[in-house]
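# Close look at the chain arrangement
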Amino acid sequence: MIKTLDLGKKFGERVAIHKLNLSIGKGEVFGLLGPNGAGKTTFIRMVTMLAMPTSGKILINGLDTTQNEQAIKQFIGIVPQHFNLDPDLTIQENLDLHGRLHHMQKNAREQRSADLLEYVELSDRKNDYIKTLSGGMKRRLMIARALMHQPKVLLLDEPTVGLDPQVRRRLWDLIRRMHHDDITVIVTTHYIEEAENLCNRVAIMEKGKLIALDKPASLCQTIGSYVVEWEEAFERTYKFFNSREEAAAFAGGLTETAVIRKSNLEDVFVELTGRKVSG
Ligand SMILES: Nc1ncnc2c1ncn2[C@@H]1O[C@H](COP(=O)(O)OP(=O)(O)OP(=O)(O)O)[C@@H](O)[C@H]1O
């Protein structure tokens, strides 16, 4: 569905994306993970044609983004990092406006917005103005708006920043439903737990480069599926093992109290980069 070929983006001398080669399949929920400045937003901006590559290319459904802007716009939807709903319009009017911008007929707009408001559980608020909504409701509405013209690809840039854990989990459920509906979802996030829970595959980026790409569980296997964690001279220490038995045997030999647990994506990140991703 989406392919990047030696994709690069420079801002002056600063390299934001360096020779990125990715292939994202239809219906896949694909996570882009990385610390501030890794290049996640730049990647999303190029896929949505808000920014142009300085080298390489992006193919969406076989079409080059630099040459087929109008056609591609019809089958991508974007939920940007910052709220950009029209505060002077109601929920319903925000959806309707988006439909009109995509040349949808009145009947189709009415039917689609009714279905989507049901989907994101906002039907009972459809005549409310944006300023009366909570952050989580605004985010759900932005997802509904991005889906109005029935895109095949949905890009979500940090969709759950600033939301409380319950709302975050409801949004995850919504994204899982899209996977079920065969929509390709690309989601950028700082929250490793989010990527681990949601994504079929995860790309870890750092300073514009891809440093790992696989299913979350497979990434964990590469460092060892079990970890022994203990404190030594005020420092948390970690050692990875392929089986619980090996981990338990090692922990048994320690004088300090140790925890044995399954490894997670955060461990992968720290092992690969020697640095933590902040939440
Ligand atoms: N318009 C711009 N002009 C100059 N440099 C830019 C511009 N946009 C991004 N950059 C640089 O490109 C690099 C990647 O930035 P980008 O915003 O894509 O990272 P990110 O992974 O989305 O970070 P964050 O998690 O903070 O949103 C950074 O070094 C950033 O300073």
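Heads up: the structure comes first, above all this text.
None of these values were measured; they are calculated from a predicted model. Along each chain, residues carry numbers from 1 onward, in the same order as the chain's sequence is written. For a predicted model such as this one, the threshold for reporting local features is a pLDDT of at least 70, and the threshold for listing and counting side-chain atom pairs is 80 or more; totals across whole chains, interfaces and linings nevertheless cover every residue. Based on all heavy atoms of the structure, the side-chain values leave hydrogens and waters out of the count.

### Examining the nonpolar core
Cut-off, in case you're wondering: Only buried residues count toward a nonpolar core, which is a set of Ala, Val, Leu, Ile, Met, Phe, Trp, Tyr and Cys residues joined through side-chain atoms within 4.5 Å. Throughout this description, buried means an accessible area under 20% of the type-specific maximum (1.4 Å probe, protein chains only), exposed means over 50%, and partly exposed covers the range between. Secondary structure is summarised from DSSP: a helix means a run of H or I of at least four residues, a strand means a run of E of at least two, and numbering begins at the N terminus for each. Residue contacts are defined here by distance: any two heavy atoms, one from each residue, within 4.5 Å place the two residues in contact.
By size, the foremost hydrophobic cluster in this structure holds 48 residues, and its most contacted members are Leu141, Ile143, Leu154 and Met178. Of all the elements, helix H5 (residues 135-147) adds the most residues to this core, at seven residues. Not counting chain neighbours up to four residues away, the residues in contact with Ile143 comprise Val79, Leu154, Leu156, Leu171, Leu174 and Met178. Listed in part, the 25 residues of the second largest apolar core include Ile17, Leu32, Met46 and Ile186.

### Quick word on H5
The condition that has to hold: One less than the number of residues in a helix, times 1.5 Å, gives the span that helix is expected to have.
Between the first and last C-alpha of H5 there are 19 Å, a value that for 13 residues agrees with the 18 Å anticipated at 1.5 Å per step. Counted residue by residue, H5 has twelve buried out of 13 residues, so it is predominantly covered. When we look at burial in H5, the residues that qualify are Gly136, Met137, Lys138, Arg139, Arg140, Leu141, Met142, Ile143, Ala144, Arg145, Ala146 and Leu147. In this structure, the buried residues of H5 make contact with strand S6 (76-79), helix H3 (91-101), helix H4 (106-119), strand S7 (153-157) and helix H6 (165-180).

### Things to note about the site of the ligand
We count it as follows: The criterion for a residue being near a molecule or strand is simple. One of its heavy atoms has to lie within 4 Å of it. What qualifies as a polar contact is a pair of N or O atoms within 3.5 Å, subject to a donor-acceptor requirement within protein and to the restriction that residues adjacent in sequence count only when both atoms come from side chains.
Inspection of the region around the ligand gives 13 residues, with Asn36, Gly37, Lys40, Thr41 and Thr42 positioned closest. In this structure, Gly39 approaches the ligand through a main-chain N or O atom, which is 2.9 Å from an oxygen atom. For the ligand, an oxygen atom lies 2.5 Å from a polar atom in the side chain of Thr42. When contributions to the shell around the ligand are tallied by element, the ones reaching two or more residues are strand S2 (14-24) and helix H1 (40-47). The leading source of residues in the shell around the ligand is H1, at three residues.

### What to know about the pattern of salt bridges
When the charged atoms of two side chains lie near each other, side chains of opposite charge can form a pair. To keep it simple, the criterion reads: Here a salt bridge means any side-chain nitrogen of Lys or Arg lying within 4 Å of a carboxyl oxygen belonging to Asp or Glu.
Using the criterion set out here, one finds 14 salt bridges in the structure. In this structure, Arg109 engages Asp96 in a salt bridge whose closest nitrogen and oxygen atoms are separated by 2.9 Å. In this pair, Arg109 sits in helix H4 while Asp96 sits in helix H3, placing the two residues 13 residues apart along the sequence. You can call Asp96 buried: its relative accessible area is 17%. For Glu229, the salt bridge is made with Arg236, and the minimal N-O distance between the two is 2.9 Å. For Glu229, a relative accessible area of 12% gives the class buried.

### Focus on the layout of surface pockets
Threshold: Definitions used throughout: a 1 Å grid over protein atoms alone; a cavity as a set of points that fits a 1.4 Å probe which cannot get out; a pocket as an open set with protein on both sides within 12 Å along at least five of seven lines; a lining residue as one with an atom within 4 Å of a point. Grid points are joined across faces, edges and corners, and a volume is the space filled by probe spheres set on the points.
Taken as a whole, the largest pocket holds about 490 Å³ of empty space. If you go around the largest pocket, you meet 21 residues; those closest to its centre are Ile76, Ile78, His98, His102 and His149. Sorting the residues of the lining of the largest pocket by element identifies helix H2 (69-75), S6, H3 and H5 as the ones contributing at least two each.

### Comments concerning H3
Listed in full, the buried residues belonging to H3 are Ile91, Asn94, Leu95, Asp96, His98 and Gly99. Here the buried face of H3 lies against H4 and H5. His103 sits one or two residues past H3 and shows a positive phi near 55°.

### Topic: the packing of H4 against H5
Describing two packed helices takes the angle between their axes plus the distance from one axis to the other. Applied cut-off: Axis definition: a line fit to C-alpha positions, over the contact stretch in the case of helices; interaxial angles, taken between N-to-C directions, run 0 to 180 degrees. Left-handed is the label given to a crossing in which the near helix is rotated counterclockwise from the far helix by less than a right angle, and right-handed is the label when the rotation is clockwise. The residue classification treats Ala, Val, Leu, Ile, Met, Phe, Trp, Tyr, Cys and Pro as nonpolar and Asp, Glu, Lys and Arg as charged. All others, Gly included, are polar.
Interaxial distance between H4 and H5 falls to 10 Å at its minimum, and their mutual angle equals 145°. Crossing hand, H4 versus H5: right-handed. Taken together, the residues of H5 that come into contact with H4 (itself represented by Arg112, Leu116, Leu117 and Tyr119) are Leu141, Ala144 and Leu147. Partitioning the contact of H4 with H5 into residue classes produces six nonpolar, no polar and one charged.

### Notes on the sheet that holds S2
Spelled out, the test is: Pairing between two strands requires that DSSP report at least two bridges joining them.
A sheet is described by the order of its strands in space; here four strands give the open sequence S2-S1-S4-S5, paired in antiparallel fashion. Because the sheet does not close on itself, it has two edges, and the strands there are S2 and strand S5 (63-64). Its contacts with the sheet put H1 on strand S1 (2-11), S2 and strand S4 (55-60), and the angle it makes with S1 is roughly 120°.

### Looking at unusual backbone geometry
Phi is positive for Gln150, which is not a glycine, with a value near 55°. Among the structural elements, Gln150 can be located in the loop between H5 and S7. Judged by relative accessible area, which is 53%, Gln150 ranks as exposed. Unusually for a residue other than glycine, Phe234 sits at a positive phi of about 65°. For Phe234, the position within the fold is in the loop between strand S11 (226-232) and strand S12 (235-241). Residue Phe234 is classed as exposed on the basis of its relative accessible area, which comes to 82%.

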